[in-house]
Amino acid sequence: MRVRVQVVIETDDGSLAAVHEVVQLDRDAARIDTLGLQLAEAKDLLQQVQAVLIGEHVRACLAQQVACPHCGRARRHKDAATIVLRTLFGTPHLPSPRWHHCPCQPQPRQTFSPLAAALPERTTPELLYLEAKFAGLVSYGLSAQLLAETLPLGRRLHATAVRLHTQATAERLERELGPERPMFIDGCQAEWDELSRPELPLTVGLDGGYVHSSAQTSRKDGWFAVIAGKSQPTEGPAKCFGFVQTYDPKPKRRLFEVLKSQGMQMNQQVTFLTDGGEDVRGLPRSLNPQAEHLLDWFHVTMRLTVMGQYANGLPEAGAAASASSVATIANLADDEDDADDDGERDGDEDPGFVVTRAEAERELERLKWFLWHGNVFRALQVVEDLEDDLAAAGAEQTKLATALREFDGYIRANGAWIPNYGERYRAGETISSAFVESTVNQVVSKRMVKQQQMRWTPRGAHLLVQVRTRVLNDELADDFRRWYPAFTPAPDIQEQAA
Ligand SMILES: [Zn+2]
């Protein structure tokens, strides 16, 4: 059996204008590997049809324009250049004529190129979209391979081209972002009182992940931070966002636009949960009058858990293990004269003094309990006491002692944002943003860290994060539709299955 595929061109009144033979397929026995179109045939077919379609379309449009709109005379042909069009189904080289302007009207220039003027961009939106969408999910190289394997691109697609196109898409999104402002709070209390009853609270989690720097000159400067976050309304889908603080001139505007797109009102409660990093805790203040910033309980417990693991390294039992608490042990260990003076303790005076694992664990539990109830003062006392006891036991070089010193600084720096977690928890309010931890993984780590050879510039990482978050939020197709009204992406595999 022989099958011939033709493209038939008709004029607007339905008469035959042209017939193009595109492919010829020969088939004999019907087997599973001979039935239907093979990928290579399908790619060839699509590429041929695309070439005919674009060639005829361009020819028809040019024919319509050749006559001068004022006097009707045909413009004179000067010469032709070539336009290379990059599409999903081939890379046609189109002759682009240059015409003389009609002398019936004064013109600033003698000639013009109508096709070049009609096509300021030479890559179709669908190709740009698929490049950005895949690059948002997997590496530039893998994206190029995927597209080249499944589509008749008609040219080699390099990872670099995918990267440059994806970055151009991100830059376009960036240009749409309004200017940065020190403050995004509009109006005053009286106006906010006039607003309709707001939606339920928004919870925003912010955290940072680290990526390898391409400008690495030493082990120390080998990494830089990418901030990732998620905004979660009480009802409805969450949205993730991200940026590279050292590159991004508009982090507040960026976050503000995410919250606004979720319907944030100035009288709405917004709770920001962060890991307490200096780079993120300043953001909330300028975004909403009702914003509250809390140290994320999840991050507090993570640090406590790590210290609990370090406590495993302490001795099981010591000379004073029978005492009921570390405080008592400490007092027993002191000389009688200055038993009440904690500051004078010195491990050298009693070489038998140890802090056991059980004692340290008990103190860490107390520490957790004080923090859970927002009692920063007592929590810091526990930290200091345990530090002193470890020093007295000659264990100030242990991992636990080091971690305690860091934790002390962490709690002091974030004391103002430590609420009574227990009370909030019982009231059903948010205290933890465990979802942020997964957001960092989703936005940053999965795409940018898992492969060790990946190196990033701050700009490259920032732009990719913009595209990746649009893909994860399922917004990228809307962006392309805004830029190109006729853009209609193929439905998602998930949508088709649904
Ligand atoms: Zn004319």
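The present account deals with the structure reproduced in this document. Since this is a predicted model, take the numbers as computed values, not measurements.

Thoughts on the environment of V376
Locating V376 in the fold gives a position in helix α12 (residues 376-392). Accessibility expressed as a relative area gives 17% for V376, which makes it buried. Sequence separation between V376 and N414 is 38 residues; the distance between their C-alpha atoms is 9.5 Å.

Concerning the pattern of salt bridges
Pairs may arise between side chains of opposite charge once their charged atoms sit close together. Counting across every chain of the model gives 25 salt bridges. Among the ionic pairs, K239 bridges to E475, the shortest N-O distance being 2.8 Å. Here the residue K239 occupies a position in strand β8 (residues 239-243), and E475 occupies one in the loop between α16 (458-472) and α17 (476-483), the gap between them amounting to 236 residues. By relative accessible area, which is 12% here, E475 ends up buried.

Concerning the pairing of strand β9 (residues 270-274)
Summarising burial for β9: five of the five residues are buried, a large majority. Residues V270, F272 and T274 of β9 are buried on one face, and the alternating residues T271 and L273, pointing to the opposite face, are buried as well. Here five bridges tie strand β6 (residues 202-212) to β9, and the two strands are oriented parallel to one another. Across the sheet, V204 pairs through a bridge with F272, a residue of β9. Here β9 runs beside strand β10 (residues 291-295); their pairing, made up of five bridges, is parallel. Counted as the bridge partner of T274 is L295 from β10.

Considering helix α7 (residues 251-261)
Of all the residues in α7, the buried ones are P251, R253, R254, L255, F256, V258 and L259. The inward-facing, buried residues of α7 contact α5 (159-176), β6, β7 (223-233), β8, β9 and α16. Positive backbone phi, approximately 80°, marks G263, located one or two places after α7.

Side note on the coordination of the zinc ion
Each protein donor to the zinc ion is listed here as C68 (SG), C71 (SG), C102 (SG) and C104 (SG); together their distances run 2.2 to 2.3 Å. Considering all four donor atoms around the zinc ion, the spread of angles at the metal, 99 to 117°, places the coordination shape in the tetrahedral class. Counting along the primary sequence, the residues that act as donors to the zinc ion give the motif C-x2-C-x30-C-x1-C. Of this pair, C71 sits in the loop between α1 (39-65) and β3 (77-84) while C102 sits in the loop between β4 (93-100) and β5 (111-112), placing them 31 residues apart in sequence.

What about the sheet that holds β4?
Taken in spatial order, the three strands make up an open sheet running β3-β4-β5, and their pairing is antiparallel. In this open sheet, the two edge strands, each paired with only one partner strand, are β3 and β5. The sheet contact formed by β3 and β4 spans seven bridges and is antiparallel. Within β4, the position partnered with H77 by the bridge is W99.

Section: the environment of F112
Tracing the backbone shows F112 in strand β5. Measuring from C-alpha to C-alpha, the distance between F112 and P97 comes to 8.5 Å, with 15 residues separating the pair along the chain. The contact partners of F112, leaving out residues within four places of it in the chain, are R75, P97, R98, W99, H100 and H101.

Focus on the nonpolar core
Ranked by internal contacts, the top residues of the largest apolar core, which has 33 residues, are M307, L367, L371, L390 and F407. For this core, the secondary-structure elements that each account for two or more residues are α9 (297-311), α11 (357-372), α12 and α13 (399-414). With eight residues, α12 is the single largest residue contributor to this core. In this structure, L371 is in contact with W297, V300, L304, A379, F407, I411, I418, P419 and Y421, ignoring residues within four places of it in sequence. Ranked by size, the runner-up nonpolar core spans 26 residues in total, among them L153, V226, A461 and L464.

Quick notes on a nonpolar patch on the surface
A surface patch of nonpolar side chains, about 270 Å² in accessible area, is lined by V8, L16 and V19. Structurally, L16 can be placed in strand β2 (residues 16-26).

Digging into the packing of aromatic side chains
Counted under the stated rule, the structure contains 11 aromatic pairs. Ring plane angle 75° and centroid distance 5.7 Å describe the contact between W369 and F370, whose orientation is recorded as edge-to-face. A residue is classified by how much of its surface remains accessible, and F370, at 9% relative accessible area, is buried. Among the aromatic residues, those joined into a cluster by ring pairs are Y129, F480, W483, Y484 and F487. When the ring centre of Y410 is taken as reference, the NZ or CZ atom of R303 above it lies at 3.5 Å. Sitting above the plane of the Y140 ring, R447 keeps its charged end 5.1 Å from the centroid.

So, the packing of helix α4 (residues 140-150) against α5
With their axes 8 Å apart at the nearest point, α4 and α5 run at an angle of 105° to one another. When the axes of α4 and α5 are compared, the pair comes out roughly perpendicular. Along the contact surface, α4 presents Y140, G141, S143 and A144, while α5 presents A159, V162, R163 and T166. Its residues assigned to classes, the contact of α4 with α5 shows four nonpolar, three polar and one charged.

Description of the sheet that holds β6
With respect to topology, five strands assemble into an open sheet ordered β8-β7-β6-β9-β10, the strand pairing being mixed. In this open sheet, the two edge strands, each paired with only one partner strand, are β8 and β10. Averaged over neighbouring strand pairs, the angle between their axes works out to 25° when direction is ignored. Strand direction decides the pairing type here: β7 and β8, joined by five bridges, are antiparallel. Looking across to β8, one finds that S231 is bridged to K239.

Observations concerning the environment of L25
Note that L25 resides in strand β2. Here the alpha-carbon distance between L25 and V3, two residues 22 residues apart in the chain, equals 5.0 Å. Setting aside anything within four residues of it in sequence, one finds L25 in contact with M1, R2, V3, L37 and E41.

Cut-offs used in this document
Residues numbered from 1 in each chain as written. Predicted model: local features only at pLDDT ≥ 70, side-chain atom pairs only at ≥ 80, totals over all residues. Heavy atoms only, no water. Helix = DSSP H or I, 4+ residues; strand = E, 2+ residues; numbered from the N terminus. Buried < 20%, exposed > 50% of the residue type's maximum accessible area, 1.4 Å probe, protein only. Salt bridge = Lys/Arg side-chain N within 4 Å of Asp/Glu carboxyl O. Pairing = 2+ DSSP bridges. Contact = heavy atoms within 4.5 Å. Donors = N, O, S within 2.8 Å, 3.2 Å for Na, K, Ca; no water. Tetrahedral: all angles 85-135°; square planar, octahedral: opposite > 155°, others 65-115°. Core = buried A, V, L, I, M, F, W, Y, C linked by side-chain atoms within 4.5 Å. Patch = residues over 30% accessible without salt bridge, like charges linked within 9 Å, V, L, I, M, F, W, Y side chains within 5 Å. Areas by Shrake-Rupley, 256 points an atom, 1.4 Å probe, with all protein chains shown as cover. Phe/Tyr/Trp six-rings, centres within 6.5 Å; stacked < 30°, edge-to-face > 60°. Lys NZ or Arg CZ within 6 Å of the ring centre and 35° of its normal. Axes fitted to C-alpha atoms, helices over the stretch in contact; angles between N-to-C directions. Parallel < 35°, antiparallel > 145°, perpendicular 65-115°, else oblique. Nonpolar A, V, L, I, M, F, W, Y, C, P; charged D, E, K, R; others polar.

Keep in mind these numbers describe shape, not what the thing actually does.
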